[in-house]
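Descriptive structure summary
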Amino acid sequence: MKPTKTTSIKSKSIKQKAKNPKPNDTVFVIDFGAQYSKLIARRIREAGVYSEILQPDISAEELKALSPAGIVLSGGPKSVNVKGAPVIDLAIYELGVPVLGICYGAQLIVKQLGGEVSKNDIGEYGRTTISIVSPNDLPSSTSHTSPSNEMTQNLLLRFTDDISSKDFKQSKDFKQPRDFKQPREMEVWMSHFDAITKLPKGFLEVAVSKMANKKDGDKKDMASEADTSKKTSGARETPEASTTQKIITAFENEARQLYGVQFHPEVVHTPDGKKIFERFLKNICGLAGDWKPDSIIETAVAEIKQQVDNDLAICGLSGGVDSAVAAAITHRAIGNQLICIFIDNGLMRKGEAKQIQQTFSGENMPELVMVDASERFLTELKGITDAEEKRKIVGKCFIETFEQEAKDIEARSSKPKNQTSKSSETEAVKFLVQGTIYPDVIESGGLESSGKTLGQNTSVIKSHHNVGGLPEKMELDLIEPLRNLFKDEVREVGEALGLPKEIVWRQPFPGPGLAVRIIGEITKETVDILQRADAIIQEEIHNFEQSATQTQKIWQAFGVLLDIKSVGIQGDERTYTYPLVIRAVNSEDAMTADWVRLPHSTLEKISTRITNEVPEINRVAYDITSKPPATIEWE
């Protein structure tokens, strides 16, 4: 048996590909460092189209070899006018593949093809109303015409109520769709300072900001705004001829299949954003939209099987949906070569270890090893109050514990060479399977398996213990089959794998456990206090979800124990004990979240029970902050 070697971290993340992919069925997102590049990819997948993310340095020939059905250029933190701003190979525009630029991506199209992008007098941030230029408003003669009259289609921003993949399969004539509704105004989400001031030759504006800018930076009054809007939407003038300062928010060149929007259709704050993606993917790219997240299972299984070969893999099982789905995919690939390890770090919810043992001890489940490492974790965390340091200590302790268990498993798995079972050919435990998902990656600074970042300026929000909290050197290579998926996609994969609903739809629980819910130093006492309080929260939230008035489950609800004490009165005596904050949020993908408007009666019941049953707590507060500006967890 070969000993494992100490190597740099290698993430064997599974490259998500569609089941039996056909040529021209993938849309590629070229990432310029935006926080929401993966959100663009997610919106594309929601429309039933498989997507992957590429770096800007890909050549046109390399991209052509991937047979793209469409290309989306993401936003980014830089200005297209600064030295060193990322660009793409100009030949990509000549591939004959539809291209959609978003924010920075739109400005890049304009800049690279001969237009102008300038620093605007005032930026546009947040909700903005744009005016759409209707093809019906095009005058009979204009100096700004295209070689093709089809440029007046406004394909990207025209909507219909009955788009269906069946319609697109039956006809390839996407240029004359039926019964299209042309909105005159649209609410969108902006985030930019530079503005497109001159379109390249052959391009037409299809939308402008409702509020135009003056050179002096003053905003026009509402009456003047309305007049300007009518003028700018009534005639498609060339930027050179226009005397009105305006912000071009969407443009097109139908002949070259190039489109751009200055706003962000990928965020929920652009209400018609999904329609825009559907128009691009189905009407313009001509895709059927029949891809599903569970299509990755077959490909992931094949790749894991090839990677692991005859070696052993261990999976860090936390009991949450992410690690459970990662374990299920890997178990399908390599069977009894996978051993799941649950490490009780002393920071779990009350009764967690027992529940996990019961859940994962059924039939068709991988072997499960239970490890009590609570003393180790609590000792390492003693005296530590900094949130980032806590996360990194937890990550380090997890890896060291896994590596020790791997050595013990290797020792137990050694068998005489004359045995004929597959396990007798096993050489070593070489792989660690983790349930890392994309929000973990992006908040830890966007680290990719290659060591590069998704964007050079991607900010580290917090180091997740399984990403930024990993040590620089470790003995096991990582397998992360869910690294490119969002939480809701992971749940879909879990259902397709046949996992129990109580696992698939369980509330998310952070890998560091209660370490990020106890503000300040972590002790056995504070862990015990929070465990008892959290158990009450979980019970009352469950009762609320089962009530006749509630139709939707809460994404996540928990308690946060603060590192201060407050004065109270319990049993007619003065107390000086801990305050607790209740946090309850709803989310789809953990990238954004909104606080839950729990009824006062539910909050009252939780508060009363906690202060009565957990005497170490004498004050309960409720967190009414969304993400952003806050994160879901407090640390």
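Placed above this text is the structure.
Our subject in this report is the structure included herewith. The shown structure was predicted, so the numbers you read here are calculated from the model rather than taken from an experiment.

Section: the overall build of the chain
The secondary structure content of the chain amounts to 16 helices and 21 strands. Counting contacts in the chain only where the partners sit at least 6 residues apart, residues at least 24 apart contribute 80% of the total. Accessible area of the chain: about 28,100 Å², with a carbon and sulfur share of 48%.

Observations concerning the sheet that holds strand β16 (residues 477-479)
A sheet is described by the order of its strands in space; here five strands give the open sequence β13-β12-β11-β14-β16, paired in parallel fashion. Sheet topology places β13 (367-372) and β16 at the edges, where each strand pairs with a single neighbour. In this sheet, neighbouring strand axes are inclined to one another by 30° on average, regardless of whether the strands run parallel or antiparallel. Sheet topology note: the strand β11 (residues 312-316)/strand β14 (residues 429-433) ladder contains four bridges and is parallel. Note that in β14 the partner of isoleucine 314 across the bridge is leucine 432. Contacting β11, β12 (338-344) and β14, helix α8 (residues 321-334) runs over the sheet at an angle of about 155° to β12.

A few points about the nonpolar core
Within the largest apolar cluster, 92 residues are counted, with the highest numbers of intra-cluster contacts made by Ile314, Val325, Ile329, Leu598, Ile610 and Ile617. Tallying contributions element by element places α8 first for this core, with nine residues. Leave out the neighbours within four places in its chain, and leucine 598 touches Ile541, Phe544, Ile554, Ala584, Leu603 and Tyr622. In terms of nonpolar packing, the next biggest core, distinct from the first, is built from 33 residues, Leu100, Ile130, Ile132 and Ala207 among them.

Structural notes on the pattern of salt bridges
Opposite charge on two side chains allows them to pair when their charged atoms are near. Applying the stated rule across the entire model yields 26 salt bridges. For glutamate 46, the salt bridge identified is with arginine 42, shortest N-O distance 2.7 Å. You can see glutamate 46 and its partner arginine 42 sitting in helix α1 (residues 37-46), four residues apart, about one turn around the helix. Residue class for glutamate 46 comes out partly exposed when judged on its relative accessible area of 33%. When salt bridges that share partners are traced, they join Arg42, Arg43, Glu46, Lys274 and Asp488 into one network.

Brief notes about unusual backbone geometry
Cis geometry marks the peptide bond from lysine 627 to proline 628, where omega comes out at -15°. Along the chain, the position of proline 628 falls in the segment after β21 (617-622). Residue proline 628 is joined to proline 629 through a cis peptide bond whose omega torsion reads 15°. Looking at where proline 629 falls in the secondary structure, it is placed in the segment after β21. Of note in this structure, glutamine 257 is not a glycine but carries a positive phi near 55°. Phi angles above zero are rare outside glycine, and aspartate 309 is one such case at about 55°.

Let's talk about the pairing of strand β4 (residues 68-73)
Consecutive side chains of a regular strand alternate in pointing toward one face of the sheet and then the other. Of all six residues making up β4, six are buried, and the element is well covered by its neighbours. Where strand β2 (residues 26-30) and β4 come together, five bridges link them in parallel fashion. In the strand pairing of β4, valine 29 is matched with valine 72. Where β4 lies against strand β5 (residues 99-102), three bridges are found, and the strand directions are parallel. By the bridge assignment, leucine 73 is partnered in β5 with glycine 101.

Calculation rules
Residues numbered from 1 in each chain as written. Predicted model: local features only at pLDDT ≥ 70, side-chain atom pairs only at ≥ 80, totals over all residues. Heavy atoms only, no water. Helix = DSSP H or I, 4+ residues; strand = E, 2+ residues; numbered from the N terminus. Contact = heavy atoms within 4.5 Å. Areas by Shrake-Rupley, 256 points an atom, 1.4 Å probe, with all protein chains shown as cover. Pairing = 2+ DSSP bridges. Axes fitted to C-alpha atoms, helices over the stretch in contact; angles between N-to-C directions. Core = buried A, V, L, I, M, F, W, Y, C linked by side-chain atoms within 4.5 Å. Buried < 20%, exposed > 50% of the residue type's maximum accessible area, 1.4 Å probe, protein only. Salt bridge = Lys/Arg side-chain N within 4 Å of Asp/Glu carboxyl O.

Honestly, that's just the spatial picture; any functional story needs more than this.
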